[in-house]
Amino acid sequence: MELASPSKGLSLPTKILLGLVLGAVAGVTLNVLYAPPLGQPATGTYAGVVAFADGVVKPLGDLFLSLLFMVVVPVVFSSLFLGVAGLGSVGKLGSLGGRTLLWFLVTTSVAVLLGLLLVNWFEPGRAVTPEVAAQIKAQYAGDASKRIGQSQQATGWVQMLVDIVPRNVVAAAADNGKVLGLIFFALVLGAAAIRAPREKTKPLCDLCEALYDLCVRVLGWVMQLAPYGVACLIFHATAKLGLDVLKLVSLYFATAMGGLIVYQMVGITLLAKAFAGIAPGRFYRGCRTLIVTAFSTSSSNATLPTTIRTATDEFGVPKEIAGFVMPLGATMNMNGTALFEGVSVLFMAQVAGVDLSLGQHALVVGMAVLTAIGAAGVPGGSIPLLAIVLTQVGVPPEFLALILGVDRLVDMTRTVPNVTSDLVCSLWLARREGVALKA
Ligand code: ASP
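Predicted model only: the values in this text are computed from it and were never measured.

Calculation criteria
Residues numbered from 1 in each chain as written. Predicted model: local features only at pLDDT ≥ 70, side-chain atom pairs only at ≥ 80, totals over all residues. Heavy atoms only, no water. 1 Å grid on protein atoms, 1.4 Å probe; cavity = no way out; pocket = protein on both sides within 12 Å on 5 of 7 lines; lining within 4 Å. Points joined across faces, edges and corners; volume = space filled by probe spheres on them. Helix = DSSP H or I, 4+ residues; strand = E, 2+ residues; numbered from the N terminus. Nonpolar A, V, L, I, M, F, W, Y, C, P; charged D, E, K, R; others polar. Near = heavy atom within 4 Å. Polar contact = N/O pair within 3.5 Å; in protein donor to acceptor, adjacent residues only side chain to side chain. Sits in = over half its atoms within 2 Å of the grid points. Salt bridge = Lys/Arg side-chain N within 4 Å of Asp/Glu carboxyl O. Buried < 20%, exposed > 50% of the residue type's maximum accessible area, 1.4 Å probe, protein only. Expected span 1.5 Å × (residues − 1). Core = buried A, V, L, I, M, F, W, Y, C linked by side-chain atoms within 4.5 Å. Contact = heavy atoms within 4.5 Å. Axes fitted to C-alpha atoms, helices over the stretch in contact; angles between N-to-C directions. Left-handed = near helix turned anticlockwise from the far one by under 90°. pLDDT = per-residue confidence, 0-100.

Once that is clear, we can look at empty space enclosed by the protein. Here the structure, examined in full by the defined rule, presents two cavities of 30 Å³ or more. Of the pockets and cavities examined, the largest cavity occupies roughly 80 Å³. If you go around the largest cavity, you meet 16 residues; those closest to its centre are Met334, Thr337, Ala376, Val378 and Asn418. Looking at the lining of the largest cavity, the element that brings in the most residues is helix 20 (residues 407–432), giving four residues. Residue composition of the lining of the largest cavity, grouped by class: four nonpolar, ten polar and two charged.

Another point: the site of the ligand. Taken together, 15 residues lie around the ligand, and Ser300, Thr337, Asp411, Arg414 and Asn418 are the ones closest in. At 2.9 Å, a side-chain N or O of Ser382 approaches an oxygen atom of the ligand. A distance of 2.8 Å is found between an oxygen atom of the ligand and a side-chain nitrogen or oxygen belonging to Asn418. Spatially, the ligand is embedded in the largest cavity. Top element by residues in the shell around the ligand is helix 20. It accounts for four residues.

All right, on to the pattern of salt bridges then. According to the stated counting rule, one finds ten salt bridges in the structure shown. Ionic pairing is found between Glu123 and Arg126, a salt bridge with its closest N-O pair at 3.7 Å. Asp407 serves as the salt-bridge partner of Arg414, at 2.9 Å between the closest nitrogen and oxygen. The class for Arg414 is buried, based on a relative accessible area of 1%.

The next thing to look at is helix 9 (residues 198–224). Taking 1.5 Å per residue as the helical rise, helix 9 with its 27 residues ought to reach 39 Å, and the 38 Å between its terminal C-alpha atoms agrees with that figure. Within helix 9 the residues assigned to the buried category are Thr201, Cys205, Cys208, Tyr212, Cys215, Val216, Leu219, Gly220, Val222 and Met223.

Tyr252, Phe283, Phe347, Met348, Leu400, Leu423 and Leu427 are the most contacted members of the largest nonpolar core, which totals 139 residues. What Phe347 contacts, discounting residues up to four positions off in sequence, is Val119, Pro124, Gly125, Val128, Val249, Tyr252, Leu402 and Ile403. Counting eight residues, the second largest nonpolar core, distinct from the first, contains Tyr46, Ala53, Val57 and Cys232.

Direction vectors running N to C along helix 14 (residues 300–315) and helix 20 enclose 35 degrees, while the axes themselves pass 10 Å from each other. Every pair of crossing elements has a handedness; the one defined by helix 14 and helix 20 is right-handed. Residues Ser300, Thr303, Thr307, Thr310, Ala311 and Phe315 of helix 14 touch helix 20, and the partners they reach there are Thr415, Asn418, Val419, Leu423, Ser426 and Leu427.

For the chain, the mean per-residue pLDDT works out to 90, and 96% of the residues sit at or above 70. For the chain, per-element mean pLDDT is lowest for helix 6 (residues 157–164), which scores 74, and highest for helix 12 (residues 250–276), which scores 97.

Another point: the side chain of Thr413. Tracing the backbone shows Thr413 in helix 20. Exposure remark for Thr413: the relative accessible area of 9% places this residue in the buried category.

The next subject is unusual backbone geometry. Phi is positive for Glu123, which is not a glycine, with a value near 45 degrees. Secondary-structure assignment places Glu123 in the loop between helix 4 (90–122) and helix 5 (130–153). In the Ramachandran plot, Ser298 falls in the positive-phi region, its phi being about 55 degrees despite a non-glycine side chain. A relative accessible area of 1% places Ser298 in the buried class.

Below, the structure is given as structure tokens:
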């Protein structure tokens, strides 16, 4: 099924882009015209705007998100199972898996290093005076303590590894934060299918094939609603955007956004050219819907079916490879998140007046890579884990309040390289297998 429907005037990707622009313009305009200064309650017209955004627009946006999330569990299971079972040999699973993990680790580390370079260069934390910090913290203290509470529930590293193996796979699938458990089960079951006689596994393979195809069909319907869903999501985010906070932490915002944009436009583009032989123009033409979906949903998981479809339909990646790489990538490979974590931790350390040694920088790199792997691919999924990294380097996690006011936009932006890196990984692996990509 095609993502574009050229017969009816505008193509779907163009309509989605239009929804994004219109939603953003409407939200920003209302915010600029009516939002009160930092610390003041919403009254008059702005109270009406907030009530409309929260009461009408957000539920509509959430509905679109839920429709996308709805197909994630069956898609993760069926695509991974079929992907592994279709590899044909456990040795091939090992080499494909090894290369995939290598890609995840290397690209994520490069992204954090870029973030650290930028934050040490621009020193955005030095631009925030103690008064400004106190003002922002007062406004976002409640939200910060809620997120810190979530981080206390987040378990330590050993437990995180133990949790990869689910005691109850149904419970793991039901818990957004534990998709890794479902992934593990699908991988093991797929590996077992490689070894089992073909006639025994055929019914399950056929079932998964049918389930996967139907989910893709449902996704096609859901994506028809994307122009409206995207408009609602972006309107809600921008109408409630703390523009005052944005001004106060503008250097942080510029560093994080600048880093993410450079990583996407230079880093990912170069990787696509170097490892998959795809020219930039072709790459971005094929990725339009993927990028807008990731940006507006802020969620690698919600974008997963679109990521798979982009790889297979737009670039010709075989189903087994896309089905293997993408569910893993949506959960484990978050280049943008790691870059953002590096920038944010050092920014907060600068504001808190904590000087980090070279060893602590190395710790931040390691922790950012690990927490990016552990973060759930949902909006704000990395924030509770960021609180853990802060504690490790001696920055009070309450400083999270400083970035929460502008995090939605940063989250939307970091989700884009999170998913495009998965896409390039699958392109690379397909090319290595000798597949002629649609370049
Ligand atoms: N929103 C990101 C994603 O889903 C995760 C995060 O950085 O919070 O990829």
